[in-house]
Amino acid sequence: MLDAQARRTGGPQGAWDFADHGEIIHVLSGRMTCEEQNGTTTEVDPGTTAVFPLGRQGTWTIHEALRKVFVIHK
């Protein structure tokens, strides 16, 4: 089942673990940095579409309140 919605993501920093699902996002406003466990970083800002596949792990740091559309998938 797919879950698609728009929401605000708050909080300056956190961790993600996509052990049991993946996520696709499209950023409407705001800015964040995603860092994978292997040290690879990705800057995410308005207009960016990012794919976080099943099994990916890392951290995020929000620099500006993030508004995104996302789909969670298995």
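All of these numbers come straight from a predicted model, not from anything done at the bench.

1. Some points on the packing of aromatic side chains
Argument step 1. The tally for this structure, following the rule as stated, stands at zero aromatic pairs.
Argument step 2. When the ring centre of phenylalanine 70 is taken as reference, the NZ or CZ atom of lysine 68 above it lies at 5.2 Å.

2. Details of the pairing of strand β2 (residues 13-17)
Argument step 1. Residue alternation in β2 divides its side chains into a buried set, Gly14 and Trp16, and an unburied set, Gln13, Ala15 and Asp17.
Argument step 2. Relative to strand β6 (residues 57-73), β2 runs antiparallel, the two being bridged by five bridges. Looking at β6, one finds that aspartate 17 is bridged to glutamine 57.

3. Remarks on the nonpolar core
Argument step 1. Counting residues in hydrophobic clusters, the biggest one holds 13 residues, and the most contacted among them are Trp16, Ile25, Met32, Cys34, Val44 and Phe52.
Argument step 2. Residues within four places of tryptophan 16 in sequence aside, it is in contact with Cys34, Glu35, Phe52, Arg56, Gln57, Gly58, Thr59 and Trp60.

4. Some remarks on the confidence of the model for the protein chain
Detailed conclusions should not be drawn from predicted coordinates in areas where pLDDT is low.
Argument step 1. When pLDDT is averaged along the protein chain, the result is 82; 85% of the residues meet or exceed 70.
Argument step 2. Contacts from residues 1-10, a stretch scored under 50 in pLDDT, to residues over four places away or in other chains number 26 contacts.

5. Quick word on the pairing of strand β4 (residues 41-44)
Residues in a regular strand project their side chains so that they alternate between the two faces of the sheet.
Argument step 1. Two strands pair when backbone bridges link them, and strand β3 (residues 22-36) and β4 are joined in this way by four bridges, in the antiparallel orientation. In the strand pairing of β4, cysteine 34 is matched with threonine 42.
Argument step 2. Linking β3 back to β4 in an antiparallel pair, the connection comprises four residues, with glycine 39 at a positive phi of about 95°.

6. Quick look at the environment of glutamate 64
Argument step 1. Note that glutamate 64 resides in strand β6.
Argument step 2. Separated by 32 residues in sequence, glutamate 64 and methionine 32 have C-alpha atoms that sit 6.9 Å apart.
Argument step 3. The contact partners of glutamate 64, leaving out residues within four places of it in the chain, are Gly30 and Arg31.

What counts and how
Counting from 1, residues in each chain are numbered in the order their sequence is written. Confidence filtering applies because this is a predicted model: local features only for residues at pLDDT of at least 70, side-chain atom pairs given and counted only at 80 or more, and all residues used for totals across whole chains, interfaces and linings. Where side-chain values are given, they derive from all heavy atoms of the structure, hydrogens and water being excluded. Within 6.5 Å between ring centres, the rings of Phe, Tyr and Trp (the latter by its six-membered ring) count as paired, and their orientation is classed by plane angle as stacked under 30 degrees, edge-to-face over 60, tilted in between. Sitting over a ring, as applied to charges here, requires NZ of Lys or CZ of Arg to be within 6 Å of the ring centre and within 35 degrees of the ring normal. Relative accessible area decides the class of each residue, using a 1.4 Å probe on protein chains only: under 20% of the type maximum gives buried, over 50% gives exposed, and in between gives partly exposed. Helix and strand assignments come from DSSP, with helices taken as H or I runs of at least 4 residues and strands as E runs of at least 2, each series counted from the N terminus. Strands qualify as paired when DSSP identifies two bridges or more between them. We call a set of buried residues a nonpolar core when its members are Ala, Val, Leu, Ile, Met, Phe, Trp, Tyr or Cys and they connect through side-chain atoms within 4.5 Å of each other. Here a residue-residue contact requires only that any non-hydrogen atoms of the pair lie within 4.5 Å. The predictor rates its confidence in each residue with pLDDT, a number between 0 and 100.

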